[in-house]
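The residues making up each chain are set out below.
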Amino acid sequence: MQSEDITEEQRNEYLDIIVSESERLANMSANSLLLSKLENQQIFPEKKPYNLSEQLCECMLLFESKFEKKNLNIQLDLDENLIIKADYDLLTHVWSNLFSNAIKFNQVNGKIFLSLSKEGNFAIVKVKDTGCGMTKETCEHIFEKFYQSDTSRSTQGNGLGLALVKRVIDITSGDISVSSTVGVGTTFTVLLTLE
């Protein structure tokens, strides 16, 4: 960056790398700290009623520039009146991580499907992408801390995000599952009790 021999284009490319890596390290540090607190039971869910559809939309909007950068088509099918009693801040980490992954591992001009429905006493959230997908073996280990598969996913993450997601879902008495096909895409399904 300090060299006078590089072009403006190279300088901007290096700046993009610095910003991207700084964001990745900051995210890894925050996830590591939160995961540690959750594992050591230093954080307990504060359940309050709120509109889950609104939360999902607000989280989705935070990624608008990244959607646009990859020209992703976002398709929503949300029960707009679904109220749950849960910890808003903790679940924000879940949605942010799932949306980030759906963007990161998607193809340019791909699609992301987000649905929210009610089934019995459960809210069901599905985040589906048309990205690179994962092998069956990767799906079996994806929620383990620091797990890195040998696919293209391993070069773009730190192995903490989905471990954090799983821990949050566990302490909120919910459930999360994943289904994926290499070259086709991935679907994460989250079940949350309404109260």
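Everything discussed here concerns the structure shown above.
Here goes a summary of the coordinates provided.

Here T189 shows up in strand β7 (residues 185-193). The residues contacting T189, other than those within four sequence positions of it, are I124, V125, K126, D175, I176 and S177.

Sheets are built from strands that pair by backbone hydrogen bonding, the pairs being arranged parallel or antiparallel. Here five strands make up an open sheet; going across it, the order is β2-β4-β5-β7-β6 and the pairing mixed. The strands lining the two open edges of the sheet, one partner per strand, are β2 (73-78) and β6 (175-181). Taking the axes of each pair of neighbouring strands and ignoring which way they run, one obtains an average angle of 10° across the sheet. Here eight bridges tie strand β4 (residues 111-119) to strand β5 (residues 122-129), and the two strands are oriented antiparallel to one another. For F113, the partnering residue across the bridge sits in β5 and is K128. Contacting β6 and β7, helix α6 (residues 161-171) runs over the sheet at an angle of about 145° to β6.

On to the packing of helix α4 (residues 88-104) against α6. Contact geometry of α4 with α6 gives a least axis separation of 9 Å together with a crossing angle of 145°. Crossing of α4 against α6: the hand is left-handed. Contacts between α4 and α6 involve L90, L91, H93, V94, N97, L98 and N101 from the first element and G161, L162, V165, V168, I169 and I171 from the second.

In this section: the nonpolar core. Counting residues in each nonpolar core, the largest one holds 42 residues, and the members touching the most others are L52, L56, I84, L91, W95, F99 and V125. Contributing elements (two or more residues each) for this core: α2 (52-61), β3 (83-86), α4, β4, β5, α6, β6 and β7. Here this core gets eight residues from one element, more than from any other, and that element is α4. What I84 contacts, discounting residues up to four positions off in sequence, is K48, P49, Y50, L52, L91, A123, L192 and L194.

The residue T130 is located in the loop between β5 and α5 (136-141) in this model. In terms of polar contacts, T130 uses its side chain to reach the side chain of N106, at 3.0 Å. Polar contacts involving the side chain of T130 include one to the main-chain amide nitrogen of K111, which spans 2.8 Å. Dropping the residues within four chain positions of it, T130 is found in contact with N106, Q107, G110, K111, F113, V184 and G185.

Okay, α4 next. If you check α4, its first and last C-alpha atoms are 24 Å apart, about what 17 residues at 1.5 Å a residue would give, namely 24 Å. For α4, the set of buried residues is L90, L91, V94, W95, N97, L98, F99, N101, A102 and I103. The N-capping residue of α4, defined by a side-chain oxygen 3.1 Å from the backbone nitrogen of D89, is D87.

Analysis parameters
- Residues numbered from 1 in each chain as written.
- Predicted model: local features only at pLDDT ≥ 70, side-chain atom pairs only at ≥ 80, totals over all residues.
- Heavy atoms only, no water.
- Helix = DSSP H or I, 4+ residues; strand = E, 2+ residues; numbered from the N terminus.
- Contact = heavy atoms within 4.5 Å.
- Pairing = 2+ DSSP bridges.
- Axes fitted to C-alpha atoms, helices over the stretch in contact; angles between N-to-C directions.
- Left-handed = near helix turned anticlockwise from the far one by under 90°.
- Core = buried A, V, L, I, M, F, W, Y, C linked by side-chain atoms within 4.5 Å.
- Buried < 20%, exposed > 50% of the residue type's maximum accessible area, 1.4 Å probe, protein only.
- Polar contact = N/O pair within 3.5 Å; in protein donor to acceptor, adjacent residues only side chain to side chain.
- Expected span 1.5 Å × (residues − 1).

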